[in-house]
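Chain by chain, the residues:
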Amino acid sequence: REVLDWGGFKDFAHDSKATISSDRWAVSGVAGRFSDPLYSPGSDLIAIYNTLIVHAIRSPEEELEARCAMAERQMQAVFGAYIPSYAESYQTLGDPECFSLKYTWELAVYFAYYVFPFLNDLLTDRRFALAHLRLFSELGPINHGIQKVLAGYHQWKRENPGLGDPPPEPVFFDFTSLRPLAETATTFYEVGVSVERARTVLTQQLEHLKELARFVAAHVASVVLDRPEAVYDRGFVEALPLARLRFEPEAWEELWRQHGGEAAGSKGETYPWALDPSVVQVFHDHRSESAEPPPAPSEPERQELVGAGGVG
């Protein structure tokens, strides 16, 4: 065949102004958008893009323009959601704690908002697609903030030898020990569901993801402020601005003064985590005993919270 054109890229990542058109053209794979080889997101995007492209090819003429417009919105969203993972927190890959938190978060998002819709062949259903995009847009700022928190935390560790030193020996950490990831993994068994059920599942999973994001921010703040009790303090945890998270030690200190501990107006209560905050302590067990956090709620306290819909 005659070669019509060719091109190359110095860097892997590239975007595209458009990837599908009612003028009956579309692009997929590296011809359109490509973020990074890490985690093989290109394979996910090819699967999603090709599904939407075939849906447009099969479209009746009168529906083609609307289908292409919706597909372009979806294509931009699933690609754009990957970018903060690489643009903001790539440097954490050498940090066992930061990367474990990062990967747990990213897997949870991936299972619920990429795998679940694809397994159920829902991405071409306009009723589902609109709900998916709406919830995805709510998740976007949280994802961006978590990546910034972890990037800043990693840099803080590098600048504070002794405080942020990694464990001297390899640490085993089960990602699913953080319950929100285990919860999102259950969506693998939600197959053949209706659009209505799928909307419910995504809404439920968004709540799990919000808790995981709140925990990551609270944990990092507790280490940086050297206030292990902060991760359990309801007033402080609830004051964290979930949609505007950044690595901001001074702002966290101010939040603690206003809402945590014995602060005026503080609830003075334990935050009712549905996850176990102590599981990440494995990354800090090598530090001196004086730096260890207070114990998690006792079993009777945990059972009381379970009954109230809190800690599971």
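Residues numbered from 1 in each chain as written. Predicted model: local features only at pLDDT ≥ 70, side-chain atom pairs only at ≥ 80, totals over all residues. Heavy atoms only, no water.

(A) View of the layout of surface pockets. Volume-wise, the largest pocket comes out at about 350 Å³. Along the wall of the largest pocket there are 19 residues; nearest its centre are Y82, E106, V109, Y110 and Y114. Broken down by secondary-structure element, the contributors of at least two residues to the lining of the largest pocket are α2 (64-80), α3 (83-87), α4 (96-119) and α5 (126-159). The element best represented in the lining of the largest pocket is α4, accounting for 6 residues. Grouping the amino acids of the lining of the largest pocket by side-chain chemistry returns 12 nonpolar, 5 polar and 2 charged. (1 Å grid on protein atoms, 1.4 Å probe; cavity = no way out; pocket = protein on both sides within 12 Å on 5 of 7 lines; lining within 4 Å. Points joined across faces, edges and corners; volume = space filled by probe spheres on them. Helix = DSSP H or I, 4+ residues; strand = E, 2+ residues; numbered from the N terminus. Nonpolar A, V, L, I, M, F, W, Y, C, P; charged D, E, K, R; others polar.)

(B) Molecular detail of the pattern of salt bridges. Counted under the stated rule, the structure contains 18 salt bridges. Where E238 meets R234, a salt bridge forms, and the shortest distance between an N and an O atom there is 2.9 Å. Pair noted here: E238 and R234 are both in helix α8 (residues 234-239), with a separation of 4 residues, about one helical turn. By relative accessible area, R234 is classed as partly exposed at 25%. Within the structure, one salt-bridge network assembled from shared partners comprises D15, R33 and E72. (Salt bridge = Lys/Arg side-chain N within 4 Å of Asp/Glu carboxyl O. Buried < 20%, exposed > 50% of the residue type's maximum accessible area, 1.4 Å probe, protein only.)

(C) Fine view of the nonpolar core. Counting residues in hydrophobic clusters, the biggest one holds 78 residues, and the most contacted among them are W105, Y113, I146, V220, F236, W252 and W273. Secondary-structure elements contributing two or more residues to this core are α1 (41-57), α2, α4, α5, α6 (179-185), α7 (195-224), α8 and α9 (249-259). In terms of residues, this core owes the most to one element, α7, which gives 16 residues. (Core = buried A, V, L, I, M, F, W, Y, C linked by side-chain atoms within 4.5 Å.)

(D) Focus on α5. Spanning 34 residues, α5 covers 49 Å between terminal C-alpha atoms, matching the ideal 50 Å at 1.5 Å per step. At L139, α5 shows its strongest bend, of approximately 30 degrees, with the proline P141 following within four residues. If you check the start of α5, you find a side-chain oxygen 2.9 Å away from the backbone N of R127, and it comes from D125. (Expected span 1.5 Å × (residues − 1). Bend = angle between axes of the 7 residues up to and from the residue. Polar contact = N/O pair within 3.5 Å; in protein donor to acceptor, adjacent residues only side chain to side chain.)

(E) Region of the structure containing the packing of aromatic side chains. Evaluated as defined, the whole model comprises 18 aromatic pairs. Ring geometry for Y86 and Y90: centres 6.0 Å apart, planes at 45 degrees, overall tilted. Judged by its relative accessible area of 33%, Y90 is partly exposed. The interplanar angle of 25 degrees and the centroid separation of 6.1 Å between the aromatic rings of Y153 and W156 together place this pair among those described as stacked. Remark: W156 and Y153 occur in helix α5; sequence separation between them is 3 residues, near one turn of the helix. No difference in accessibility class separates Y153 from W156, as the two residues are buried. Members of the aromatic cluster, joined through ring pairs, are Y39, Y86, Y90, F99, Y103, F173, F175 and F283. The side chain of K157 reaches across the aromatic face of Y153, ending 4.6 Å from its centre. (Phe/Tyr/Trp six-rings, centres within 6.5 Å; stacked < 30°, edge-to-face > 60°. Lys NZ or Arg CZ within 6 Å of the ring centre and 35° of its normal.)

(F) Seen up close, α1. The terminal C-alpha atoms of α1, which comprises 17 residues, lie 24 Å apart, in line with the 24 Å expected from a rise of 1.5 Å per residue. For α1, the full list of buried residues reads P41, G42, D44, L45, I48, Y49, L52, I53 and A56. The arc enclosing the buried residues of α1, seen along the axis, measures out at 155 degrees, which places them on a common side. Residues S43 and I57 are exposed on α1 and point more than 90 degrees away from its buried face. In this structure, the buried side of α1 is in contact with β1 (20-21), β2 (25-26), α2, α3 and α4. (Arc of directions from axis to C-beta. Contact = heavy atoms within 4.5 Å.)

(G) Quick look at the environment of L101. Considering the arrangement of structural elements, one finds L101 in helix α4. With 115 residues separating them along the chain, L101 and V216 place their C-alpha atoms 7.1 Å apart. Once residues lying within four places of it in the same chain are set aside, the contact partners of L101 are L150, L178, V216, H219 and V280.

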